[in-house]
Amino acid sequence: LGPTLCIGEILAEIVATTTGNGFLEPVPMIGPYPSGAPAIFIDQAGRIGGAAAMVGAVGDDDFGRVNIARLKRDGVDVSGIHTDPTLPTGTAFVRYRPDGARDFVFNMWTSAAGALAWTDAVDAVCTRAGHLHVMGTLLGHQTIWEMTERAATMIKARGGTISLDPNLRKELRGDPQTGSRFAQMVGMADLLLPSGDELYLAADLPPEAGEEAALARLFDLGVKEVAIKRGADGATCALPDGSRIHGAAFAVTELDPTGAGDCFGGAYVACRRLGMPVQQALTYANAAGARNVTFRGPMEGAGTRTELNDFISNTKRLA
Ligand code: ADP
């Protein structure tokens, strides 16, 4: 029923090669790496196979060209990516602290990514798409919200499906407008991909209510599948018929945790849309998340099905 679509920011990431606190002194850095959570998601989906498409914007510069070339290479339809003649590609400068926390300098909303607009090319992609993946992080941005709502409505109207990563940022959590947008997307979503406390956020219940109560609430709202990401504890898929299917994580040494959740999501959605059973989709998704953290750079470890099969054969599973 048409490609899996993701709308949102495309960034170039430059990452410090040493850990420490921020950027107040010169530090050696490497990059540019293609990045942006929606781009990471769709790149992994494209690598799995099945159609994938991206709506976003880059500048007419090498950071933009690096991103477009990567997505194209990995099978993503880039016709919905606008090259803005006046603004640069968005950037993220990242430095890890010794404890794994990260310091960022972002140039997102004042870059091409922030000037995204509904164009004929966007309309054409949304008309073809069979699935929309929505990122909670983007619900606070007015234009992206309007585009997301429009695309979601179009795709639903033609029988397509929606997945939601309910990764609402902490600073957006008390905001009533973001809250109502979030509730609207939970109500439209077929598949949810929560991690941490996001299951409860989506169900609008306190964590004390417990996982089953939260799942029951979500299924009442029309959600048909919930894939709960549990980091090094793998992931569990819950279905309205009561089945709870667990996939163990893979034992890896984490080099760069950025992008694990997005690679998990991209692989899971692509596998399910290809008709794979839940258990197989969980295996690929856990492998995609784990493989990605073994590479420096946010999407450098996204894997093709062949690469993921090799990874699965050669990597021990936890528990
Ligand atoms: P998010 O980034 O959305 O919080 P997680 O951290 O749960 O998501 O990571 C998503 C998936 O990636 C996990 O379910 C797991 O399969 C895999 N993963 C992430 N970190 C690790 C790790 N350190 N070891 C093994 N697998 C991991």
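Residues numbered from 1 in each chain as written. Predicted model: local features only at pLDDT ≥ 70, side-chain atom pairs only at ≥ 80, totals over all residues. Heavy atoms only, no water.

Draft legend 1. Representation of the packing of aromatic side chains in the model. What the rule picks out here adds up to 3 aromatic pairs. Seen in terms of ring centroids, F104 and F106 are 4.9 Å apart; in terms of plane orientation they differ by 15°. Their pairing is stacked. Overall, the relative accessible area of 36% leaves F104 in the partly exposed class. Ring geometry for F250 against F311: centres 5.4 Å apart, planes inclined by 65°, an arrangement best described as edge-to-face. Highlighted residues: F250 in the loop between strand 13 (244–247) and helix 8 (260–273) and F311 in helix 10 (residues 305–314), separated in sequence by 61 residues. What makes F250 buried here is its relative accessible area of 3%. (Phe/Tyr/Trp six-rings, centres within 6.5 Å; stacked < 30°, edge-to-face > 60°. Buried < 20%, exposed > 50% of the residue type's maximum accessible area, 1.4 Å probe, protein only. Helix = DSSP H or I, 4+ residues; strand = E, 2+ residues; numbered from the N terminus.)

Draft legend 2. Spatial organisation of the nonpolar core. Counting 90 residues, the largest nonpolar core has L5, I42, L132, L218, V226 and Y268 as its most contacted members. Looking at this core element by element, the count peaks at 8 residues for helix 9 (residues 278–293). For L132, the residues in contact, after removing those within four places along its chain, are L5, I7, T148, A151, A152, I155, T161, I162 and S163. L11, V94, Y96 and M108 belong to the second largest nonpolar core, which has 7 residues in total. (Core = buried A, V, L, I, M, F, W, Y, C linked by side-chain atoms within 4.5 Å. Contact = heavy atoms within 4.5 Å.)

Draft legend 3. Fine view of the side chain of T89. With respect to the helices, strands and loops of the structure, T89 is situated in the loop between strand 5 (76–84) and strand 6 (90–96). Take T89: its relative accessible area is 2%, and that puts it in the buried class. Among the polar contacts listed, one links the side chain of T89 to the backbone nitrogen of G59, at a separation of 2.9 Å. Among the polar contacts made by the side chain of T89, one reaches the main-chain amide nitrogen of G64 at a distance of 3.1 Å. Every residue in contact with T89, bar those within four places of it in the chain, is listed here: I10, A12, V58, G59, D61, F63, G64, N67 and S111. (Polar contact = N/O pair within 3.5 Å; in protein donor to acceptor, adjacent residues only side chain to side chain.)

Draft legend 4. Expanded view of the pattern of salt bridges. All told, the structure shown has 18 salt bridges when counted by the stated rule. Between D190 and K156 there is a salt bridge, with its nearest N and O atoms 3.0 Å apart. With D190 in the loop between helix 5 (176–188) and strand 10 (191–192) and K156 in helix 4 (residues 142–157), this residue pair connects regions lying 34 residues apart in the sequence. A residue is classified by how much of its surface remains accessible, and D190, at 9% relative accessible area, is buried. A salt bridge links R173 to D197; its shortest N-O distance comes to 2.9 Å. In this pair, R173 is assigned in the loop between strand 9 (161–165) and helix 5 and D197 in the loop between strand 10 and helix 6 (198–203), connecting sequence segments 24 residues apart. Given the relative accessible area of 35%, D197 is considered partly exposed. (Salt bridge = Lys/Arg side-chain N within 4 Å of Asp/Glu carboxyl O.)

Limitation: the analysis is restricted to geometry and does not speak to function.
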